[in-house]
Structures are given as structure tokens and as C-alpha cells.
Amino acid sequence: MSTENNHRLAPENEQRVVKLIDDADKLLVISALKRFLASCLGPGGKTKYVKNRHGALMALTASSQRLLSNMTFVSPISQIISTSILQHISAYSDGGLLMGVFMLSLIEGAMSGKIHHMICCDVNTILMKRCLEMADSAVIKIDLSDMRAMLCLVRSVFQSKRLCSLLPQEIDILSSLVLQILTSALPDHEYSSKMTIPTVAYVLIPGRAVSEARLVDGVLLDVPRSLLRSIPSWKDRFAGRRLKVALFNTPLDIDKVLIEGVTLEADSDLDLGEYLHQQLVGLASRLQQAGVDVVGCQKVIHPTLVKMLEGRGILSLERLSIVHIESVQKLTGARLLSSVNSTISADSLGYLDGIDLYEGFNNQRRLHLKNGNQVTTVILCHRVEACLDELKHIFGVASHVATLAIGSPEVVLGRGCFEASMAAKIREELPSISEDACARIHCSMIQFNQAAEVFLQALRGIALSLGQSPADSESSTVMSTASHDSSQKPDPGKNGMSGIEGGRSEDVQPRSLEDSEELDWATEVVDLWGIKQNAMKMAVEMANLILSVGCIVGPPV
């Protein structure tokens, strides 16, 4: 970002640069980022192909989390905006695009007009507060025992992500899998107050239909064929008892252990290899004395140690990687050991109910670790391999949204109906709101109405983007089928652009808030109110922050 003036300050210990930011520089960044995020929002959102500087694919997605986490921003303003969106997503998983586009629309509208920024900040706060107050009549409380309502909520998440091109039947199958994971966490009897949501692990299978997705209790591991052939004998050896498990996150390799980062001095007649060999013998003996049955290692285990452990009746699982070691730790409850000389205590060990072979598609076999439903593995399939990572992300978002619904089972109408209704209600009440507000924030009626119009246009722009169909996104105009006759020519909006770029408040006819009393859960689209509420509140707060920023203090250039 270019700067108007740079002034050097000289504190006692180091220098800092104060960068004065003018509105032209700020508006350039805001407009570019808004167009980028708005092009991903809603049913007509476009997929983005994210590459690194060498041209390699990093992500194929329309999700704000995957997009922003794979991008590097130079401008401090864009860094602040990106960080705020990712912070919202880290807590709620969904609603990042809604927050980003609403926030950037408020900023761009305020900076494009001739209104003082602080007046826009005050008006944004007043109207957002009033919007949340009126939302009480639009919020619908759902019964968690009503599977139709829960399926509708989860299905709405999948329907909002269009990259995977899921059929309605496939969306229903994936939604039911999400709810199966959730219901498996319900306590066995009514006196239990503890509910633990299973950790979800994933196995991705390309080239298969999405409808072939399934759930498996436990963890599935890809292990060498030589080990797979010996699993039946290990299964018979472990039959009828629980298995003790020790997990290491350090390599158990005599070529590296005890040497990396350490300088050893030894007499010429000392056999260092034999000394290190004895260290591994001691580890194997301690594991045997502790009654360990299975040893898992995030990295490599030396073949000599594998043979030692096998001779003592201990199964070795190496190269679990950072992904699988976490799943196995959750499944077993073991504590990660970080040294060959670690003490093998009882509280550091975990447990398994057993091991088995799992035969999946194309007779591909995997090692199956079992221990109740602490971890559930989701086998996800897709015809296109490039879409599997996005499908995995969407499944995780849907699972988190369903989990959040347990604590706050409240939803609002989707497809932009909520935003359109709020904008219509606020416009009706604007004369009564403005009288008191103008006196409090010390502005004229004209200034208040101009700032309020920016807020309403941002809200209605969101409604237009969420309510348009994919076919609508190909044209230059978004039309409301409820308010336009086929013989009429569409009004392209004041800027002649579609969706959020130029939607007028008359382009979408909001559903009445009373329409939410009777919902058809089989066809309705709803959004979790807690996510939408936080996204809108953070959007207004961050918009006010950006509008009030006049300079940035940073290190010397």
C-alpha cells in the first residue's frame, strides 16, 4: 500500500515508522478484497484456484477459511480484515464470507460517499443494535429431537457450498452421516450429564460416488503389506483382553536418537553403536515390563527395535504422521512420549479394545484400531479427486455447525430472507429511529439518512447474493421472481451490476417474519442464528475500526 507521508520516530531503543493512510489507498484495498470475497458468496459463487509462486496448486475452493489461510496479504488493512475473518471462523467454522462481504460493503459505502466516517460508525452501531433487537421475532427455536429440523440445518450447510457439485440425494446421505456422529455422543442413560462429541478422522477415496461414504468407529491406518499379512496372528494373540498402548512423537532410530544436536566425546575403544543398541534394548525391556502391547511412533522405528519388540509380543506401528498420531492419541488416551529414556508409567499408557483388518473399496485393506466411539473415521468419496479436500472441509464445517446447535438451537431463514426482512423492517422504522439518533450523535437528518442507506444497501446486497441462483449469476441482473413479471425489463440497479455490486432495495421481496411459523423442513434453507449474529456483529465492529484508522505504526521499511 502506498503512503502519503512517512515520519520517523526515535524511541529509546528502536525506530518505528508512522504510515499515514489516505482514503484513496484504503478504498483501493477494500474494493479489491470485497470483489474477491463477493465473487465466492452465495449459490452463484465462483470457485477459486489458489497457486503458489511456482504455479503448484495449493487449494481449489470457495471457502473463506481455505482461501484466506492460503494467501499472503501485504497491505496492513487487508491483514487486519483477513485476521478478523479467520478468528470468527476458528470459533464458528461458517459465516466467514458473510462477515467479510458485509464488513467491506459498509467500509466501501462509507468511504465512497461524502459522509464523515465517524457518523457512519455511530449509525452502523445504532442500526446493528436495532437489527438484533428485531431479530427476536425472526429467530426459530428448533427441537433437537426433531431429525427433520436437524437434517434441514445440516443440509443447508452442504447446499451453500457448490464446488463439490453434490446431488440432492448425496447431500441427504452426508447430512445423515453428520447426525449419526452427533447422536452417537448421546449418553446411554438419562442420569448421565456428560456428552463427548467424537473426534472425526478422514479417509479420502477418489473415483467413487459420493453416496458410498460411510462411518467407521475407530481409526483406519495405511500400513505396509508385510504388516497387514501378520495382523490376523496379532489379532488372535490379543484376543479377549484390552491392549495397552505407548505412543512416541520422536524417532526411535539409533542413527539419530541421542546424537542430533549433541556432541559426544568417547574413547577410541568404545563401541558407540553397541552403546546405542543397548539403549534400545533397555527401552524394549521397559515396555515389556509395563505390559505394553502396541507401540505407535509418529516417525520411524529402527528395524532392530521392531524385531526386539516383536520378540517380546509387542506390535510396532511407525510413521503415523502428525495427522494419525493425534487421532490415535484421542482414541487411546495415551500421553505422547518424547524420548527413548522416557519413563513408561501407567498414566502415560492408553488402551485399545482390539485391532482388526478393514477391507474397503477395491479390496484395499487397512489396519483398524478399535476403542468405542471416541474417534469416528469418515470415509469420503468423490468422483473428482481435486474436490475431496473441499468435501472434507465442508463435512467438518457441517459437523461443527450441528454441534453448535446443541448449545444454541436457534435458526433463521436462509437464502437471504433474514437479511432482506431486517432491511425492510429497519427502513420502515427509520423515521422514528432517526429523531432520537440525530440528537445523540450530533448529526443532521440528511447525514443520518445517507449513512443509514449505506447500511441498508450492504444488508440488501448480502440478501441478493445469498438469494440468487447459479443461473442468475451468469447474467448481469439479479431478478426477484416474486416481484418481476416476465414481460418487464429488469432494473439493473443503480450501478448496472448484479448482486452486491448494485442491488436496489426493491430487487428482492422479503418474506414476512410470520412466514417462519410454518416451515417445510424438507425444502427449507436455514442458518444457525448464533453464527450469523456473531458474523454481523463482528462485521460492524471491524468496519468501524477500519473507518477510524488514520495511521499505522510499523517497523522501518
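Computed from a prediction, not measured in an experiment: that's the story for all the values here.

### Some remarks on the pairing of strand S4 (residues 57-61)
When strand S3 (residues 48-51) meets S4, the two strands line up antiparallel, connected through four bridges. When the bridges of S4 are listed, Lys51 appears paired with Leu57. Counting the residues in the hairpin turn of S3 and S4 gives five residues, including Gly55, whose phi is positive at 90 degrees.

### Considerations on the environment of Leu179
Along the chain, Leu179 turns up in helix H7 (residues 168-183). The class of Leu179 is buried, set by a relative accessible area of 5%. In sequence terms Leu179 and Thr403 are 224 residues apart; their C-alpha atoms lie 9.4 Å from each other. Setting aside its immediate chain neighbours within four residues, Leu179 contacts Met147, Met150, Leu151 and Val154.

### Quick word on the packing of helix H5 (residues 117-134) against helix H16 (residues 529-548)
Direction vectors running N to C along H5 and H16 enclose 170 degrees, while the axes themselves pass 8 Å from each other. Taken together, the axes of H5 and H16 are roughly antiparallel relative to one another. Here the hand of the crossing between H5 and H16 comes out left-handed. Taking contact as the criterion, the partners of His117, Met118, Cys120, Cys121, Asn124, Thr125, Met128, Cys131 and Leu132 in H5 are, on H16, Trp529, Gln533, Met536, Lys537, Val540, Asn544, Leu547 and Ser548.

### Considerations on the sheet that holds strand S18 (residues 526-528)
An order of S5-S17-S18 is seen for the three strands of this open sheet, with the pairing classed as antiparallel. Unpaired on one side and paired on the other, strand S5 (140-141) and S18 mark the two borders of the sheet. One ladder, built from two bridges, connects S5 with strand S17 (residues 410-413); its direction is antiparallel. In the strand pairing of S17, Ile140 is matched with Val411. Contacts between helix H6 (residues 147-159) and the sheet are confined to S17 and S18, with S18 contributing the most and set at about 95 degrees to the helix.

### Notes on the packing of aromatic side chains
Enumeration over the complete set of coordinates arrives at five aromatic pairs. Judged by centre distance (5.7 Å) and plane angle (70 degrees), the rings of Phe102 and Phe455 are edge-to-face. Separated by 353 residues along the polypeptide, Phe102 in helix H4 (residues 96-112) and Phe455 in helix H14 (residues 445-467) bring together distant segments of the chain. Judged by relative accessible area, Phe102 falls into the buried class, the value being 1%. Ring geometry for Tyr202 against Phe395: centres 6.2 Å apart, planes inclined by 90 degrees, an arrangement best described as edge-to-face. Here Tyr202 is found in strand S6 (residues 199-206), whereas its partner Phe395 is found in helix H12 (residues 388-407), with 193 residues between them in sequence. Positioned above the aromatic ring of Trp234 is the side chain of Arg237, whose terminal nitrogen or guanidinium carbon lies 4.4 Å from the ring centre.

What counts and how
Residues numbered from 1 in each chain as written. Predicted model: local features only at pLDDT ≥ 70, side-chain atom pairs only at ≥ 80, totals over all residues. Heavy atoms only, no water. Pairing = 2+ DSSP bridges. Helix = DSSP H or I, 4+ residues; strand = E, 2+ residues; numbered from the N terminus. Buried < 20%, exposed > 50% of the residue type's maximum accessible area, 1.4 Å probe, protein only. Contact = heavy atoms within 4.5 Å. Axes fitted to C-alpha atoms, helices over the stretch in contact; angles between N-to-C directions. Parallel < 35°, antiparallel > 145°, perpendicular 65-115°, else oblique. Left-handed = near helix turned anticlockwise from the far one by under 90°. Phe/Tyr/Trp six-rings, centres within 6.5 Å; stacked < 30°, edge-to-face > 60°. Lys NZ or Arg CZ within 6 Å of the ring centre and 35° of its normal.

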